[in-house]
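Letter by letter, the chains look like this.
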Amino acid sequence: MRKKCTRPWKRATNLTIRLFLKVGDHQRILDNFFVFSCPMTRILKVKESSSGMTLEIPVKNDAVNATYFAKLKIDSTTPAINEKVPVRLFDPGFKNTAVANSAISFVDGENGKLYYRGYDLEDLIEKSTYLEVSYLLIHGELPTESQLANWSGNILRHTYLHSQIERQMGTFRYDAHPMGMMIATISSLSTFHPDSNPAIQRGSLYSLPVETPGVELSPEDKKQKQFAINNRSKVIYRMLGKIPTIAANTYRHRMGRTYNHPMPHSQNYCENLLFMMDKLDEPNYVPDSRLVKILDKMFILMAENGVNCSTVMIRHLTSSGVDPYTALSGAAGALFGERKGSAVVDMLKKIGTVENIDEFLNSIKKSSRSSMIASGETPVKNKSARLMGFGHRIYKTIDPRVRICKQLTLELFDLLGCNDVAKVALALEEKALQDQWFTSRNLYPNIDFWTAILFDTLDFPTDMFPVWMFIPRVSGFIAHLIESMDDPEYKIFRPRQIYTGEFQREYESLDHQNSKPKIESAGRKLFRPKSFIGQKIDLPDYSGNNINAEEDIDEDDENELDFTDQFAKNEKSRKPTKRIRQWMQKAFKSNDNSDNSVIQDMFSQMSKEIQQLKLKQDEFSLLVVNGTPAPTPSTPMQVNDMDFENKLTTTATADQTSSTRKGSTDLLAGSSHSRVISSSNAKLHPQ
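Residues numbered from 1 in each chain as written. Predicted model: local features only at pLDDT ≥ 70, side-chain atom pairs only at ≥ 80, totals over all residues. Heavy atoms only, no water.

*Asks:* Can you explain the overall build of the protein chain? Please cite residues and give values.
*Replies:* Counting its regular elements, the protein chain contains 24 helices and 18 strands. A total of 687 residues make up the protein chain; the buried ones form 43% of that total. Sequence separation of 24 or more characterises 65% of the internal contacts of the protein chain that already satisfy a separation of 6 or more. Surface summary for the protein chain: the accessible area is close to 38,800 Å², and the carbon and sulfur share equals 50%. (Helix = DSSP H or I, 4+ residues; strand = E, 2+ residues; numbered from the N terminus. Buried < 20%, exposed > 50% of the residue type's maximum accessible area, 1.4 Å probe, protein only. Contact = heavy atoms within 4.5 Å. Areas by Shrake-Rupley, 256 points an atom, 1.4 Å probe, with all protein chains shown as cover.)

In structure tokens, the structure reads:
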């Protein structure tokens, strides 16, 4: 509860904060903490009223170190813990938690501004190129003319992939998702460059020695510094150079085309990318310069956006000391989510036409939590009514990137035209911005909305959208990777948890668990005579001859001879099926291999019973198991009721080497080859 403060300082406050601690099903309110803040001293004082303990926490860069709160000890609500425990700060989703000090970019959400190393994003888009901005993000300063030439040349010289990587990418399924291919291929780069993997080299490959102002480095430190700089440069050139090639290959793989090599003597990053994606058999193909310019500006726009989910992922993995390629693949995985541009296009296609927008927006309002509560309904999430591409956690006004992206998209319309999806998008944005219901909730179009329209206008498949968002973001990822390595407070990420599980449960042995009564399965069990396993079996054919077949029946394979389930497809066939099963059991129990009269009698009665089922009227399938695969007929085999008895029995030649089994049931042979005879069309089809 906020109290009135009469102090003259502008930002001074006197607050009473109630902290909640929840462990399992136990929840209680802790004693009041009185917090005093004064901008002149930049000290945050925290006092616990029950013990009288006071903490003085320094405020640095508008933040306090959360580890100070661990000094406050409170009684635990966990039954298994009888001592005082430190206070933890619970912040799911990192909504008010800073995990790093960064000088790369600044997001001014209140005013809708984005800065790269202090430069306004809009100025960089108008005056710079993507490779120049990537140098700025990674090194902290804009390059000179010679530095830019060296930087661009090294990156474009590292665009070729190892031939085995290309063959590896060719082994993906034809319908493999491009982003999945991207993640897997980037991760495999560490196996092709073991010299860049700290886990293999077992040394400090990228760490710079600590430099003290006014103190010269020792010879060993100078050597280590140069060694780390060389290793960093090599990894940076490889990642920035090879990512567009991998992305182009994923696109070509999806389209069923062969991979292209990088563009010879290319001087532009985006030009090389479009060349590898679009070149067919043209001898002197060069991408349109206007498209290259628009794409280059888009890459600057998406290069960096502060600490977000994917950026935290690469910092998290880097803190473990993993190689940069694996860390980059993890960041790519964080971008591979459902809430991206592809969902925007799906939403727009679902709307269909401009006339349906009002109805769609009304459904969004009705499905909102506040509207449902006001109407007395129980709030339920409605995934079918979601406004994709609107709203942002940080930007409280229009995202500055949206203005630029929309302008680039309109320029693209002049070149390629405006399709139906783009027309719906333009009308949807206009009506949403005119509706106070959306603007009062800060539901403005975000970057995902207009990047989806731009990529769709370029006629890229929606599953390529995450790949396109990832390519330019690589420079920002590398910048955060390098910055986290140089951070003096560099520590492995180890967040805490609040345990809500069970306490002090008794262990139950397997014998005790098995002694509990079990519920018998309601399914039918296959009759499997043990006496026939591994024995020589004589089966009759209708010519009066015996067929000697030596078969080893696998006791574990009980899924191919379940004839009762195949016969009993409807209520009418269950009683005859029961008699058939009894005849089979009788034949098996006779266990007289020399006398085939019992088996012949069983087949005769079975055939008569099958004819009485009226196969053409009652649909069922009979699983026919052959000892050896029979050749598949080129045309469906016609089966009638009169000769069905002949089709059911086993026939073979006397010569074992040339024998084939034609559409019959070897009842005792466990075979992997099967066919289905369907009486609904009286034809024999391979299963």
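*Asks:* Explain the pattern of salt bridges residue by residue, including any values.
*Replies:* What the rule picks out here adds up to 16 salt bridges. A salt bridge links Lys45 to Glu56; the shortest N-O distance between them is 3.9 Å. Linking Lys45 in strand β5 (residues 43-48) with Glu56 in strand β6 (residues 54-60), this pair joins segments that are 11 residues apart in sequence. Classification of Lys45 as partly exposed rests on a relative accessible area of 37%. On the basis of relative accessibility, which here comes to 53%, the residue Glu56 falls in the exposed class. (Salt bridge = Lys/Arg side-chain N within 4 Å of Asp/Glu carboxyl O.)

*Asks:* Please provide a residue-by-residue account of the nonpolar core, values included.
*Replies:* Within the largest apolar cluster, 111 residues are counted, with the highest numbers of intra-cluster contacts made by Tyr116, Leu240, Phe299, Leu428, Trp468 and Phe470. Counting 10 residues, the second largest nonpolar core, distinct from the first, contains Leu44, Ile57, Leu72 and Ile74. (Core = buried A, V, L, I, M, F, W, Y, C linked by side-chain atoms within 4.5 Å.)

*Asks:* I'd love a proper account of helix α9 (residues 289-301), names of residues and values included.
*Replies:* Taking 1.5 Å as the rise per residue, α9 with 13 residues should run 18 Å; its terminal C-alpha atoms sit 19 Å apart, in good agreement. Within α9, the full set of buried residues consists of Val292, Ile294, Leu295, Asp296, Lys297, Met298, Phe299, Ile300 and Leu301. (Expected span 1.5 Å × (residues − 1).)

*Asks:* Give me the lowdown on the side chain of Thr245, citing residues and values where you can.
*Replies:* Summarising the element assignment, Thr245 is placed in helix α7 (residues 219-255). A polar contact of 2.6 Å, which involves the side chain of Thr245, links it to the backbone oxygen of Thr159. If we skip the residues at most four places from it in the chain, Thr245 touches Thr159, Leu161, Pro262 and Met276. (Polar contact = N/O pair within 3.5 Å; in protein donor to acceptor, adjacent residues only side chain to side chain.)

*Asks:* Let's hear about a negative patch on the surface: which residues, and what values?
*Replies:* On the surface, Asp123, Glu126, Glu411 and Asp414 cluster together into a negatively charged patch. Of all the secondary-structure elements, those providing two or more residues to the negative patch are α1 (121-127) and α15 (400-416). As for its position among the elements, Asp123 is in helix α1. We classify Asp123 as partly exposed; its relative accessible area is 42%. (Patch = residues over 30% accessible without salt bridge, like charges linked within 9 Å, V, L, I, M, F, W, Y side chains within 5 Å. Lys, Arg positive; Asp, Glu negative; His and termini not counted. Charge placed at Lys NZ, Arg CZ, Asp CG, Glu CD.)

*Asks:* Help me get a handle on the sheet that holds strand β11 (residues 113-116), residues and values and all.
*Replies:* The strands that make up a sheet are held in pairs by hydrogen bonds between backbone atoms, and each pair lies either parallel or antiparallel. Spatial strand order, β10-β11-β12: three strands in an open sheet with antiparallel pairing. Bordering the open sheet on either side are β10 (105-108) and β12 (119-120), each of which pairs with just one other strand. Note: β11 against β12, two bridges, orientation antiparallel. Residue pairing for β12: Tyr115 is matched across the bridge by Asp120. (Pairing = 2+ DSSP bridges.)

*Asks:* I'd like a description of the packing of helix α3 (residues 145-157) against α7, backed by residues and values.
*Replies:* Orientation of α3 relative to α7, taken along the N-to-C sense of each, is 65°, at an axis distance of 7 Å. Of the two elements, α3 crosses α7, and the hand of that crossing is right-handed. Contact with α3, carried on its side by Asn150, Trp151, Asn154 and Ile155, involves Ile236, Tyr237, Leu240 and Gly241 of α7 and no other residues of that element. (Axes fitted to C-alpha atoms, helices over the stretch in contact; angles between N-to-C directions. Left-handed = near helix turned anticlockwise from the far one by under 90°.)

*Asks:* How would you sum up the pairing of β11? Please name residues and give values.
*Replies:* With burial as the criterion, only one face of β11 is covered, namely that bearing Leu114 and Tyr116; the residues Lys113 and Tyr115 on the opposite face remain uncovered. Sheet topology note: the β10/β11 ladder contains four bridges and is antiparallel. Counterpart to Val107 in the pairing with β11 is Leu114. Count of turn residues in the β10/β11 antiparallel hairpin: four residues, of which Gly112 carries a positive phi of about 70°.

*Asks:* With reference to specific residues and values, describe unusual backbone geometry.
*Replies:* Of note in the backbone geometry, Arg117 takes a positive phi value of approximately 50° without being a glycine. Structurally, the position occupied by Arg117 is in the loop between β11 and β12. Of the residues examined, Arg117 reaches a relative accessible area of 22% and is grouped as partly exposed.

*Asks:* Break down the packing of aromatic side chains for me, with residues and values.
*Replies:* Here the structure, examined in full by the defined rule, presents 15 aromatic pairs. Between Phe106 and Tyr115, the aromatic rings sit 6.3 Å apart at their centres with planes inclined by 25°, giving stacked as the arrangement. Judged by relative accessible area, which is 48%, Phe106 ranks as partly exposed. Under the relative-accessibility criterion, Tyr115 is labelled partly exposed at 25%. Measuring from ring centre to ring centre gives 5.5 Å for Phe449 and Trp450, while their planes differ by 85°; the resulting arrangement is edge-to-face. (Phe/Tyr/Trp six-rings, centres within 6.5 Å; stacked < 30°, edge-to-face > 60°.)

*Asks:* Report on helix α10 (residues 309-319), specifying residues and quantitative values.
*Replies:* When we look at burial in α10, the residues that qualify are Ser310, Thr311, Val312, Ile314, Arg315, Thr318 and Ser319. Those residues of α10 that are buried are in contact with α11 (324-335) and α19 (465-486). Backbone geometry just after α10 places Gly321 at a positive phi near 85°.

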